[in-house]
Amino acid sequence: QVQLVESGGGLVQPGGSLRLSCAASGSIVSIVDMDWYRQAPGAERELVARIFSDGSPYYPDSVKGRFTISRDNPKKMMYLQMNSLKPEDTAIYLCHAVIQEVRTQPPYNYWGQGTQVTVSS
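In short, a report on the structure. Just so it is clear, the model here is predicted, and its values are computed rather than measured.

## Let's talk about the sheet that holds strand 7 (residues 67–72)
Read from one edge of the open sheet, 4 strands run 1-3-8-7, paired in antiparallel fashion. Both outer strands of the open sheet, strand 1 (3–7) and strand 7, are each paired with one neighbouring strand and no more. In this sheet, adjacent strand axes meet at a mean angle of 15 degrees when their direction is disregarded. Here 6 bridges tie strand 3 (residues 18–25) to strand 8 (residues 77–82), and the two strands are oriented antiparallel to one another. Each residue of the ladder has a partner; that of Leu18, found in strand 8, is Met82.

## As for the pattern of salt bridges
When the charged atoms of two side chains lie near each other, side chains of opposite charge can form a pair. Under the defined criterion, the tally for this structure stands at 5 salt bridges. Salt-bridge contacts for Glu46 lead to Arg38; the nearest nitrogen and oxygen are separated by 2.7 Å. On the basis of relative accessibility, which here comes to 33%, the residue Glu46 falls in the partly exposed class. According to the relative accessible area criterion, Arg38 is buried, its value standing at 5%. Note that Arg38 and Asp89 form a salt bridge whose closest N and O atoms lie 2.9 Å from each other. Residue Arg38 is located in strand 4 (residues 30–39), and its partner Asp89 is located in the loop between strand 8 and strand 9 (91–100); the two are separated by 51 residues in the primary sequence. This pair shows no difference in class: Arg38 is buried, exactly as Asp89 is.

Criteria and thresholds
- Residues numbered from 1 in each chain as written.
- Predicted model: local features only at pLDDT ≥ 70, side-chain atom pairs only at ≥ 80, totals over all residues.
- Heavy atoms only, no water.
- Pairing = 2+ DSSP bridges.
- Helix = DSSP H or I, 4+ residues; strand = E, 2+ residues; numbered from the N terminus.
- Axes fitted to C-alpha atoms, helices over the stretch in contact; angles between N-to-C directions.
- Salt bridge = Lys/Arg side-chain N within 4 Å of Asp/Glu carboxyl O.
- Buried < 20%, exposed > 50% of the residue type's maximum accessible area, 1.4 Å probe, protein only.

What follows is the structure in C-alpha cells.
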C-alpha cells in the first residue's frame, strides 16, 4: 500500500523559514510528478509547487522566489524549502504524487495527510 507522509510543519514568525518533507513508501515502481498543495480554512486547495519527473519545477506567482521544491528519487523523498514566510502562507500543506505501483497499470494519484504551517508573530 502506497503512503505519503509529510513532516516539518510548525509555527514560525513572519520572515522565517521552514523545510517540509514528504516520504513515499510502499510498493512503488515509479513516481511521476510530485506536488505540494496547501489549504487554508475556508479556502480552496491550491498548488504551491510542482516538480516533474525530469526534476524541472513549477511555482505559482504567490510563492515564486520564496519556495524551492526538490526531490530525491532513490530515497523517494520530496522537499519544500520555504523562505520569507508570510502570514498568508498559513495553511495545511499536503504532499501529492502520481505513482505507478504495477508496470502494467497506469499511475494513480496519492495524497498525504498534511502538515500544519502557521506563520504568526
